[in-house]
Amino acid sequence: MNVDIGNALASVASPGVSRASLERLDEQVADAHDRIEQGMKNHEHGYEALNLPQRTDPDAIRAAVEPVADADALITVGIGGSALGAATITNALADESDTEAVYLDNVDPEWVSSHLDRLDLENTAINVVSRSGTTAETLANFLVVRDAFESAGVDWTERTIVTTGDAGPLRDLSDRHDLPSLKVPDGVPGRFSALSAVGMVAAEVCGHDLEALLEGAAAEAETLSGSLFECPAYAYGATTYALDQRGAGINAMMPYAESLETAAEWFAQLWAESLGKDDLGQTPVRALGVTDQHSQLQLYRAGPRDKLVTFVSPGEAADRSIPATDVDDLAYLGDATLGELLEAEFEATEASLAAAGRPNVRLELERVDEYELGGLLYGLEAACVLAGELYAVNTFEQPAVEWAKKATRGLLGGGEFEEAEAVAEKTSLRVER
Ligand SMILES: O=P(O)(O)OC[C@H]1O[C@](O)(CO)[C@@H](O)[C@@H]1O
């Protein structure tokens, strides 16, 4: 991935960061890089994620999925980091796959049933992913999916792959039924695990090139160095941090490719759970070019000066010409393609923000393929780790998420939790119709 931070400079935008400030920040980047390198070398929790391109074994993943390699559909049961990395990869590359990838990362009963009712379960595989093996949503959905397979007379034990930690209820269940299983690597938090079995089982079942994903990530890892001016990932992480310090507390991730819409969702979890702590952090927002030009752009260009827009420009892509028309005012469209229109809209939107002095950054890919995706995932993870060092937060924990998890468990009778009592104490001021 290449990064262009020109439109985030103070000479263009407000808030913006001056070249001199970036040079001063670069000293902190050098220190942060030392810390990151040390963490990687010592396989410390979280930093270990940046070792995944060397550590992930595609052969082990291929061996585990072999029994279901010919599935027409794959249901991944997981949530957050246990679903979004895989979904980013398979949704980005869906055009190249004959296997439908379905992600059950919500417990909305109507929606879950709608998938289970329409899929041909005999030709469907199940990919259950939970690092902890205890996440209520994932385990509940898995029980529902199993039950649907049993009701359809399909042996789910023949069609299920499990990816989880060394211990926990999901590991026990997997052992009990002798299911093919993979391990979430030690030291790798869920939202940083896309390039492990967590993200790559689905990629393999959908027929994607695991080696190319890892090679793209490894090439990005090669760029990690002690200066933001030499490392695209650090340039992004440092610029977002500097802009947040100057008032851009919102970061709208806006890929100009429908196929990368899920990448913005994945990024949102990465940024929010990693950096949102100690009253700090930048709020990630998901947007999509060109669609959100006609929904969000008014606010981004003329609303409060509290936003950074991050564009992802996917480079070359399949194209489709726009048929000619004899309607005078539309004739210019007939000379173009949809791809040219998309590109022109991207450049126009980027320029329109710059002309209004609104900071924006461009992440450039050569195309959307396995290699470039591996680089994007790795690059944004490294950017996040760097930003976490600059904020001095604990990037790899998410204690604030636990409160609601305990409250939910308490409400369902899964134990005594004081958090569940707080739910009953809600302050009400109802206005009724
Ligand atoms: O993989 P698990 O343990 O099921 O957790 C799923 C997700 O839940 C969280 O812990 C909190 O929502 C995320 O960090 C994680 O990605």
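As named in an unreviewed UniProt entry, the protein chain is Probable glucose-6-phosphate isomerase, taken from Natronorubrum aibiense. We quote the UniProt Subcellular location (unreviewed entry) comment for the protein chain here in full: "Cytoplasm". Under the UniProt heading Catalytic activity (unreviewed entry), the entry covering the protein chain gives this text: "alpha-D-glucose 6-phosphate = beta-D-fructose 6-phosphate".

1. Notes on the packing of aromatic side chains
Taken as a whole and assessed by the stated rule, the structure comprises ten aromatic pairs. Both rings, one in Tyr47 and one in Phe396, keep their centres 5.0 Å apart while their planes meet at 70 degrees; by these two values the pair is edge-to-face. Taken together, the residues Tyr47 in the loop between helix H1 (19-41) and helix H2 (52-55) and Phe396 in the loop between helix H15 (370-391) and helix H16 (399-411) connect sequence positions 349 residues apart. Comparing Tyr47 with Phe396 shows no difference in burial state: the two are buried. Relative to Phe346, the ring of Tyr256 has its centre 5.2 Å away and its plane inclined at 50 degrees; by these criteria the two rings are tilted. Note that Tyr256 is positioned in the loop between strand E7 (250-255) and helix H11 (261-275) and Phe346 in helix H14 (residues 338-355), a separation of 90 residues in sequence. Grouping aromatic residues by their ring pairs yields a cluster made of Tyr47, Phe192 and Phe396. Sitting above the plane of the Phe142 ring, Arg146 keeps its charged end 5.8 Å from the centroid.

2. Notes on the confidence of the model for the protein chain
Mean pLDDT over the protein chain works out to 96, with 100% of the residues at or above the 70 mark. Predicted complex, confidence summary: ipTM 0.97, pTM 0.96.

3. Notes on the pattern of salt bridges
A complete count under the given rule lists 16 salt bridges for this structure. Here Glu100 ties to Arg118 by a salt bridge, and the two come within 2.7 Å at their closest N and O atoms. Here Glu100 is found in strand E3 (residues 100-104), whereas its partner Arg118 is found in helix H5 (residues 109-118), with 18 residues between them in sequence. Residue Arg118 is classed as partly exposed on the basis of its relative accessible area of 43%.

Parameters at a glance
- Counting restarts for each chain: residues are numbered from 1 in the order of the written sequence.
- A pLDDT threshold of at least 70 governs which residues receive local features in this predicted model, and a stricter bar of 80 or more applies before side-chain atom pairs are shown or counted, although totals over entire chains, interfaces and linings include all residues.
- Just so you know, side-chain values use all the structure's heavy atoms and leave hydrogens and water out.
- UniProt positions are given in the numbering used here, feature names are shortened, and annotations may be inferred rather than shown by experiment.
- Under the pairing criterion, centres of Phe, Tyr and Trp rings, with the six-membered ring standing for Trp, must be within 6.5 Å; the plane angle then separates stacked pairs below 30 degrees from edge-to-face pairs above 60, leaving the rest tilted.
- We count a stretch as a helix when DSSP gives it H or I for four or more residues in a row; a strand needs E for two or more, and each element gets its number in order from the N terminus.
- When a residue's accessible area, from a 1.4 Å probe over protein chains only, is under 20% of the maximum for its type it is buried; when over 50% it is exposed; and in between it is partly exposed.
- Only when the NZ of Lys or the CZ of Arg is both within 6 Å of the ring centre and within 35 degrees of the ring normal is a charge said to sit over the ring.
- Each residue carries a pLDDT value, the predictor's own confidence for that position, ranging from 0 to 100.
- One speaks of a salt bridge when a side-chain nitrogen belonging to Lys or Arg is within 4 Å of a carboxyl oxygen belonging to Asp or Glu.

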